[in-house]
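Given next are the chains, with one letter for each unit.
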Amino acid sequence: MISWTFIQDTNGTLLKGRHMQHGENTPNSPIIPFSQTPLKIAIFDLDSTLITTANGNLHALSPTDWKWWHPSVPNVLRSTVNCNQELVIVTNQDRLTTADGAEAAESFLFKEKMDAVCHELGIKITIYAACANDRYRKPRMGVWDVMAKDFGFGKGVNVEAYLVGDGAGRKSDHSDSDVHFAENLGIDFSTPEEFFLGEKSKEEVGHKFDPKWYLPADLGGTLNYKPNQAELVILVGLPGAGKTTYYRNFLQPLGYERINEHDIGSLDECFRIAEQFLVSGKSVVVDDINTTSSLRNQWLSLAPKNNVQTYAYNFTAPSDLCLHNDSVRALGGSLMSAECRPIFARIPFRRLQKNVQKPEIDEGIGKVLDVDFEWKGSDDQLETWKKHWL
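Here the structure is a predicted model, which is why all the values come from computation and not from measurement.

### As for the domain arrangement of the protein chain
And step 1. Along its sequence, the protein chain is organised into domain 1 (2-24 + 34-197) and domain 2 (231-386).
And step 2. The distance between the C-alpha centroids of domain 1 and domain 2 comes to 39 Å.
And step 3. Each partner contributes to the interface: domain 1 provides four residues, whereas domain 2 provides six residues.
And step 4. Between domain 1 and domain 2 the total buried area reaches about 440 Å² when both faces are included, carbon and sulfur atoms providing 43% of it.
And step 5. At the junction of domain 1 and domain 2, the tally comes to zero salt bridges.
And step 6. Taken together, domain 1 and domain 2 are joined by two residue pairs in polar contact (both at pLDDT 80 or more).
And step 7. Considered class by class, the residues forming the side of domain 1 that touches domain 2 number no nonpolar, one polar and three charged.

Rendered as structure tokens:
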């Protein structure tokens, strides 16, 4: 049987399991004695790498709904352990927690299935299942921090590790999370075809998204003047498009006042404060998503009675870049953001993305400016931002 621990902390939620060989007791942390150096760790993804569903479903319907990805897998894994390599499974399993972060019923099905998998193998295995869209999810490195504590990294133990997974960024792959996890950690990566079958992948390993594609980029619509009269500037873009950063870098130094519903608390109060600023001759920046004409029209109604110029700044960052930036902002720590914003949930994000309406002059906007993404920050911030977070 596997000894399971459900971790719920400030980093997120993680299900951790340890299966021992027959006759062994489950040890306390660290898992490996310090005398074994270097420590060799073989890390494997689970689904479509070690196992698949027996009936071809996307998700297992029962604890017995699984089969080996290839008949060679069990013996290769046993050989790996026999070569004094610690076998570790790191898998993203979004369905194991409820909306409030508690362990879900699906988790118990997963545990039963993994008990069966490990029982058939009969070898030592450590399992880390990331349960939510947080720091523990590959390719983010939160799970590596837990592994470091469990295995005693940095306490006289040198580590040699490699990763095998199907999330290799190939055209037919569902993601690039495995190859990016390996890249973030600086370890070798292989596809299941390469590792288990000795076959070169038929498709080139690559990227579905890479933040380095956007270094450098040009910035459009930059203001370099102080307005002669009050202006109403509406920022338009998905979460993570760079709106707040742009405000702080370019508009705040020019004296623009920022209005944001999240900070103020209610839309009515936002309108009241914005109008006070405009009446006093100050320029206002509405820093929110504002991705539909109906949202923008509410703000544009303030312009005629206050005799102000209106602008819409349309942030053009692609959706995957926005998701990357949002993840870095939420999970990258105080170095990347002082606001402590939670990560934006994927399903609501995709709904927003689907319904984005680009601002147009015929809405009554005086001028529309496109703002392309441009990275700005310190060298330390850049090193964090360049990691893979999706």
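### Topic: the sheet that holds strand β6 (residues 86-92)
And step 1. Spatial ordering of the open sheet is given by β1-β2-β7-β6-β3-β8-β9, a layout of seven strands whose pairing is mixed. Bordering the open sheet on either side are β1 (2-9) and β9 (188-190), each of which pairs with just one other strand. Along the sheet, successive strands turn relative to each other by an average axial angle of 20°, direction set aside.
And step 2. Of the strands in this sheet, β1, β2 (12-19), β6 and β7 (125-130) are in contact with helix α2 (residues 105-121), which crosses β1 at around 140°.
And step 3. Sitting on the sheet, helix α4 (residues 177-185) is in contact with β6, β8 (159-164) and β9, with an inclination near 165° to β9.

### Some details on the pattern of salt bridges
And step 1. Under the definition given, this model contains 23 salt bridges.
And step 2. Between Asp150 and Lys16 there is a salt bridge, with the nearest N and O atoms lying 3.1 Å from each other. Of this pair, Asp150 sits in helix α3 (residues 142-151) while Lys16 sits in strand β2, and the two are 134 residues apart along the sequence. In terms of burial, Asp150 and Lys16 fall into one category: buried.
And step 3. Connected through shared salt-bridge partners, Asp45, Lys138 and Asp178 make up one network.

### Some words on the nonpolar core
And step 1. Judged by nonpolar contacts, the single largest core of 32 residues is most densely connected at Tyr313 and Trp385.
And step 2. Element by element, the count of residues in this core is highest for helix α11 (residues 319-331), at five residues.

### So, the packing of aromatic side chains
And step 1. Tallying each qualifying case throughout the model produces 16 aromatic pairs.
And step 2. Geometrically, the ring pair formed by Phe209 and Trp213 is edge-to-face, given 6.1 Å between the ring centres and 75° between the ring planes.
And step 3. For Trp213, a relative accessible area of 48% puts it in the partly exposed group.
And step 4. On the basis of an interplanar angle of 75° and a centroid distance of 6.3 Å, the ring pair of Phe344 and Phe349 is categorised as edge-to-face.
And step 5. Of the residues examined, Phe349 reaches a relative accessible area of 1% and is grouped as buried.
And step 6. Taken together, the aromatic side chains of Phe44, Trp69, Tyr162, Phe195 and Phe196 make up a single cluster linked through ring pairs.

### What about the environment of His388?
And step 1. Tracing the backbone shows His388 in the segment after α13 (379-385).
And step 2. Here His388 falls in the buried class, since its relative accessible area comes to 3%.
And step 3. Once the C-alpha coordinates of His388 and Val179 are considered, the two residues, 209 residues apart in sequence, prove to be 9.6 Å apart.
And step 4. A polar side-chain atom of His388 sits 3.2 Å from a polar atom in the side chain of His180.

### Quick look at the sheet that holds strand β12 (residues 284-287)
And step 1. As summarised here, the arrangement of the five strands in space is β11-β12-β10-β13-β14, forming an open sheet in which the pairing is parallel. Across the chains shown, the open sheet's two edge strands, defined by having one partner strand only, are β11 (257-259) and β14 (367-371). Adjacent strand axes in the sheet meet at a mean angle of 25° when their direction is disregarded.
And step 2. Relative to β12, β11 runs parallel, the two being bridged by three bridges. Counterpart to Ile259 in the pairing with β12 is Val286.
And step 3. The strands touched by helix α6 (residues 243-251) within the sheet are β10 (231-236), β11, β12, β13 (309-315) and β14, with β12 carrying the most contacts at an inclination of about 160°.
And step 4. Against the sheet, helix α8 (residues 267-279) touches β10, β11 and β12, its axis set at about 165° to β11.

### Some details on the environment of Arg135
And step 1. With respect to the element layout, Arg135 can be found in the loop between β7 and α3.
And step 2. Separated by 27 residues in the primary sequence, Arg135 and Phe108 place their C-alpha atoms 22 Å from one another.
And step 3. Ignoring sequence-local partners within four residues, the contact set of Arg135 consists of Asn11, Arg140, Met141, Gly142, Val143, Asp145, Leu331, Gly332 and Trp389.
And step 4. Here Leu331 takes part through its backbone oxygen, which lies 2.7 Å from a polar atom of the side chain of Arg135.

### Some details on the packing of α11 against helix α12 (residues 346-354)
A pair of packed helices is characterised by two quantities: the angle between their axes and the separation of those axes.
And step 1. Following both chains from N to C, one finds α11 and α12 inclined at 145°, their axes separated by 12 Å at the closest point. Of the two elements, α11 crosses α12, and the hand of that crossing is right-handed. Residues Ser319, Asp320, Cys322 and Leu323 of α11 form the contact with α12, whose participating residues are Arg346, Phe349, Arg350 and Gln353.
And step 2. Among the residues making up the contact of α11 with α12, the classes are represented as three nonpolar, two polar and three charged.

### Thoughts on unusual backbone geometry
Negative phi values dominate among residues other than glycine, just as trans dominates among peptide bonds.
And step 1. Cis rather than trans, the peptide bond between Lys138 and Pro139 has omega equal to 10°.
And step 2. Tracing the backbone through its elements, the reader meets Pro139 in the loop between β7 and α3.
And step 3. Phi at Ser48 takes a positive value of approximately 65°, unusual for a residue other than glycine.
And step 4. Mapped onto the elements, Ser48 comes out in the loop between β3 (39-44) and β4 (51-52).
And step 5. Phi is positive for Asn290, which is not a glycine, with a value near 45°.
And step 6. Looking at where Asn290 falls in the secondary structure, it is placed in the loop between β12 and α9 (293-300).
And step 7. When its relative accessible area of 4% is taken as the criterion, Asn290 is described as buried.

Procedures and definitions
Residues numbered from 1 in each chain as written. Predicted model: local features only at pLDDT ≥ 70, side-chain atom pairs only at ≥ 80, totals over all residues. Heavy atoms only, no water. Domains from an automatic or database assignment. Contact = heavy atoms within 4.5 Å. Buried area = accessible area lost by both parts, 1.4 Å probe. Salt bridge = Lys/Arg side-chain N within 4 Å of Asp/Glu carboxyl O. Polar contact = N/O pair within 3.5 Å; in protein donor to acceptor, adjacent residues only side chain to side chain. Nonpolar A, V, L, I, M, F, W, Y, C, P; charged D, E, K, R; others polar. Pairing = 2+ DSSP bridges. Helix = DSSP H or I, 4+ residues; strand = E, 2+ residues; numbered from the N terminus. Axes fitted to C-alpha atoms, helices over the stretch in contact; angles between N-to-C directions. Buried < 20%, exposed > 50% of the residue type's maximum accessible area, 1.4 Å probe, protein only. Core = buried A, V, L, I, M, F, W, Y, C linked by side-chain atoms within 4.5 Å. Phe/Tyr/Trp six-rings, centres within 6.5 Å; stacked < 30°, edge-to-face > 60°. Left-handed = near helix turned anticlockwise from the far one by under 90°.

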